[in-house]
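Descriptive analysis of the structure
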Amino acid sequence: MRIAVAGKGGAGKTTIAATLARVYARMGRRVNAVDDDPNPNLSVALGVPEEVRTHLRRVPREQIMEERLDAAGNATLHLTRPFGDVIAEYGARGPDDISVLTMTGLLGAGKG
Ligand SMILES: Nc1ncnc2c1ncn2[C@@H]1O[C@H](COP(=O)(O)OP(=O)(O)OP(=O)(O)O)[C@@H](O)[C@H]1O
Ligand SMILES: [Mg+2]
């Protein structure tokens, strides 16, 4: 099951997403929490300790995803590596054994 939480700024998306993740994990589900907010803070809401959060690295989409076209010409995105590898390299483990990935954030200072 995949659940995406989107909507207006400040509406409670992160709070709801983190709460759902923790509840499902405690029900025995394996939960992968993926933060795609330009200002990522899902790991904080999940209760991931600061010393663990420092290991989170922005996932470089261009290196781990590729676009494929089906016979009808529709484009879909696919991981080029096993999901477990991506979590091990860029993610972190949080409370209730939730794994966390951050897809966004600054890569460095730029012009303008
Ligand atoms: N049900 C609720 N009742 C009262 N306050 C809430 C509720 N849900 C979230 N909040 C509070 O509202 C604020 C915004 O919540 P949250 O950060 O989850 O929103 P968001 O939609 O993720 O925001 P952003 O668009 O900035 O990412 C936080 O201070 C949060 O604690
Ligand atoms: Mg948010």
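Refer to the structure presented above.
Described in the following lines is the structure provided in the data block. (Residues numbered from 1 in each chain as written. Chains lettered and ligands numbered in written order. Predicted model: local features only at pLDDT ≥ 70, side-chain atom pairs only at ≥ 80, totals over all residues. Heavy atoms only, no water.)

1. Focus on helix 5 (residues 83-90)
Within the span of helix 5, buried status applies to Val86, Ile87 and Tyr90. Looking straight down helix 5, one finds that the buried residues subtend no more than 100° of arc, so they occupy a single side. Buried residues in helix 5 make contact with strand 1 (32-35), helix 4 (61-64), strand 4 (92-93) and strand 5 (99-102). (Buried < 20%, exposed > 50% of the residue type's maximum accessible area, 1.4 Å probe, protein only. Helix = DSSP H or I, 4+ residues; strand = E, 2+ residues; numbered from the N terminus. Arc of directions from axis to C-beta. Contact = heavy atoms within 4.5 Å.)

2. Comments concerning unusual backbone geometry
Here the phi dihedral of Asp96 falls at roughly 60°; this positive angle occurs in a residue that is not glycine. Within the secondary structure, Asp96 is located in the loop between strand 4 and strand 5. Overall, the relative accessible area of 32% leaves Asp96 in the partly exposed class. Residue Asp97 is not a glycine yet carries a positive backbone phi of 60°. Inspection of the secondary structure puts Asp97 in the loop between strand 4 and strand 5.

3. Notes on the site of ligand 1
All residues in the neighbourhood of ligand 1 are listed as Lys8, Gly9, Gly10, Ala11, Gly12, Lys13, Thr14, Thr15 and Asp37. One of the backbone N or O atoms of Gly10 is found 2.9 Å from an oxygen atom in ligand 1. Out of a free accessible area of 640 Å², ligand 1 has 42% covered by protein chains. A breakdown of the residues in the shell around ligand 1 according to their chemical character gives one nonpolar, five polar and three charged. (Near = heavy atom within 4 Å. Polar contact = N/O pair within 3.5 Å; in protein donor to acceptor, adjacent residues only side chain to side chain. Areas by Shrake-Rupley, 256 points an atom, 1.4 Å probe, with all protein chains shown as cover. Nonpolar A, V, L, I, M, F, W, Y, C, P; charged D, E, K, R; others polar.)

4. As for the pattern of salt bridges
One pass over the structure, following the stated rule, counts seven salt bridges. The shortest N-O distance in the salt bridge between Arg68 and Glu66 comes to 2.9 Å. Residue classification places Arg68 among the partly exposed positions, given a relative accessible area of 37%. Arg93 is paired through a salt bridge with Asp97; the nearest N and O atoms lie 3.8 Å apart. If you follow the salt bridges from partner to partner, you end up with Arg22, Arg26 and Asp96 in one network. (Salt bridge = Lys/Arg side-chain N within 4 Å of Asp/Glu carboxyl O.)

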